[in-house]
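What the coordinates show
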Amino acid sequence: MEKITFGTSGWRGILADDFTLANVRKVLLAIAGHVAAAGEGKQGIVVGYDTRFMGERFAGEAARIFAASGIRAYLCNRDVPTPVISFTVLEKKAAGAVNFTASHNPYDYNGIKFSPSWGGPALPETTRDIEMRANNAADDGVQVSTPASCDEALICEIDPRDPYLRDLEKKIDFDAVSRSGLLAVNPLYGTARGYLDEILRRHGIGVRVVNDFRDPYFGGFPPEPSERNILEFIKLVKNDPDIRLGIATDGDADRFGIVDRDGSYVEPNYIIALLLDYLVRVRKIEGGVARSVATTHLIDAVAARHGIEVFETPVGFKYIGELISQDRIAIGGEESAGLSIRGHVPEKDGILACLLVAEMIGREGLSLRQLLERLYGQVGRYVTKRENIRLSPEIAQKFDGRMGELPAEFAGLKVKEVVRIDGTKCILGDGSWLLFRKSGTEPVVRLYGEAATDGTLAAVMTAGREFILAE
């Protein structure tokens, strides 16, 4: 087998190719060894899964392997949102959680995400130890099978929904949400079914729900609530004058997608900036703000207006989650639609994000477009874009060297500063920026850009693309 490698959010692979029961068992045994070595075995491990193929089978296998290792397994009784698993780790003071999910990846993927006792995504030092244990077992030819026997008393089936929903009720103003009007809800056949719609119904808020049944194929699209994947949902919101907001979550409910009342899709970058302004100005939440290196500087402008600190992190919510767990930030977010707030779980929570947006428009009495234009009037306009650029073998081989020989300018704008927190980010003379970030798994460069106008952004992105692809 190929080496087990944990990416920004766990180990992922294609079902029946590298993500097999045999390989899964090796990773589970490695996690059990990691937890035991930390002396946390008696605290137990939460085991969850999303709506993908064989989720229950993998979760059951995990529970038996942990029980055979003398570790209590809190086995979720149905597919569960990732933020709910994080909440349950903290609620039960568990040693951590194993979550079988590939989040927004296509249907033929699955994955294992490990969260340690602090509830957020595992940091690199943790995943390196798990990788080492799993790969050593593979190198030694260890064959791991289902345990012939285990202490069944160590497997405890749980339903984590109501404790999580009760906690959300302390963090959301549902009276304000009710003023937002009829909400369209799209869980994308994923784990938010019976969570996002249920908590709205409990508070008497009108909902129109679509795609609220389990479909491991996710309707034929990747379960990511990006604009291209939810066109039918956008059409629903646009064509129904009673709907005031469309809210969607991805397959494991840790990401969000927002559609304004006129049917326009609002990019996560702008949602994070709007919520930062709302939480600080209206909710009076204290603390800084964290964003990944790939996320809009509109956040920085809002932070400057309110006099709060900005933390720039590598890509991966684990770094933002760590700051939340340390109670240092009011809100943290990533352009890939991850968000959480102070006092909540140190993990992306698409359910929370959707409810906060509904609360914001209910309290402010304006559409998202109106709120964004108002914010632009206060701090300036920012437009962003991301492209995936596939590299030829020749250009891929030259890429790292090219990043060490950056030009003095892009599109006539001087490179003022270079940031190498994660990838190579060029801050230009007028405040525009480009980020070159190479994929670790395929010959692709992710090119991010931001500027004050569409024209400047187009010119900067073209210059960045030409620089990458130059022979």
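Above this text sits the structure in question.
Below, the structure is looked at part by part.

**Describing the environment of L356**
The residue L356 is located in helix α12 (residues 350–364) in this model. Taking C-alpha positions, L356 is 6.8 Å from I172, a pair spaced 184 residues apart along the chain. In this structure, L356 is in contact with I172, L275, L279, R283, L339 and I341, ignoring residues within four places of it in sequence.

**Some remarks on the sheet that holds strand β12 (residues 288–292)**
Across a sheet, paired strands are connected by hydrogen bonds in the backbone, their directions being either parallel or antiparallel. Across the sheet, four strands lie side by side as β13-β12-β14-β15; this open sheet has mixed pairing. The sheet terminates laterally at β13 (310–313) and β15 (338–341), the two strands that pair on one side only. Strand-to-strand twist of the sheet, defined as the mean angle between neighbouring strand axes without regard to direction, takes the value 15°. Pairing geometry for β12 and strand β14 (residues 329–334), over four bridges, is parallel. Note on β14: the bridge partner recorded for R291 is G333. Contacts from helix α9 (residues 268–281) reach β12, β14 and β15, with the element oriented near 175° to β14.

**Quick look at the layout of surface pockets**
As a volume, the second largest pocket reaches approximately 210 Å³. Along the walls of the second largest pocket sit 16 residues, with N211, F221, N229, I230 and E232 positioned nearest its centre. Its residues placed into classes, the lining of the second largest pocket shows eleven nonpolar, four polar and one charged.

**Topic: the nonpolar core**
Ranked by internal contacts, the top residues of the largest apolar core, which has 96 residues, are L200, L298, L339, L368 and F436. Counting residues in hydrophobic clusters, the runner-up holds 33 residues, among them F19, V24, Y49 and I65.

**Notes on the pairing of β13**
Burial along β13 is one-sided: F311 and T313 are buried, and none of V310 and E312, which face the opposite way, are. Note that β12 and β13 share four bridges and pair parallel. Among the inter-strand pairings, S292 is bridged to a residue of β13, identified as T313. Since β12 and β13 lie parallel, the crossover through helix α10 (residues 298–306) that links them has a hand, and here it is right-handed.

**Examining helix α14 (residues 393–403)**
When we look at burial in α14, the residues that qualify are I395, A396, F399, R402 and M403. With its buried residues spanning 115° around the axis, α14 presents them on a single face. Exposed and oriented more than 90 degrees from the buried face of α14 are P393, Q397 and D400. In the core, the buried residues of α14 are packed alongside β19 (424–428), β20 (433–438), β21 (444–451) and α15 (454–469).

**With respect to the sheet that holds strand β11 (residues 265–266)**
Pairing within the open sheet is mixed, and its five strands lie in the order β8-β7-β9-β10-β11. For this open sheet the edge positions go to β8 (207–209) and β11, each flanked by a neighbour on one side alone. Here strand β9 (residues 243–249) runs beside strand β10 (residues 256–259); their pairing, made up of four bridges, is antiparallel. Looking at β10, one finds that T249 is bridged to F256.

What counts and what doesn't
All residue numbers refer to position in the chain's written sequence, counted from 1. Residue-level local features of this predicted model are given only where pLDDT is at least 70; pairs of side-chain atoms are given and counted only at 80 or more, and the full residue set underlies all totals for whole chains, interfaces and linings. Note that water and hydrogens are dropped before the side-chain values are worked out from all heavy atoms of the structure. Helix numbers and strand numbers start at the N terminus; a helix is a DSSP run of H or I with at least 4 residues, a strand a run of E with at least 2. The criterion used for residue contact is that any of the two residues' heavy atoms lie within 4.5 Å. Any two strands with at least two DSSP bridges between them are considered paired. Axes here mean lines fitted to C-alpha atoms, for a helix over just the part in contact, with angles spanning 0 to 180 degrees between N-to-C directions. In this analysis, the protein atoms alone were mapped onto a 1 Å grid. Cavities are point sets where a 1.4 Å probe fits without being able to get out; pockets are open sets with protein on both sides within 12 Å along at least five of seven lines; lining residues have an atom within 4 Å of a point. Grid points are joined across faces, edges and corners, and a volume is the space filled by probe spheres set on the points. Residues are sorted three ways: Asp, Glu, Lys and Arg are charged, Ala, Val, Leu, Ile, Met, Phe, Trp, Tyr, Cys and Pro are nonpolar, and all the rest, Gly among them, are polar. To form a nonpolar core, buried Ala, Val, Leu, Ile, Met, Phe, Trp, Tyr and Cys residues must be joined to one another through side-chain atoms within 4.5 Å. A simple rule labels every residue: compare its accessible area, found with a 1.4 Å probe on the protein chains alone, to the largest value its type can have, and call it buried under 20%, exposed over 50%, or partly exposed in between. Place the viewer so that the strands point away; then a crossover is right-handed whenever the path from the first strand over the helix to the second strand goes clockwise. Our arc is simply the arc of the directions from the helix axis toward the C-beta atoms.

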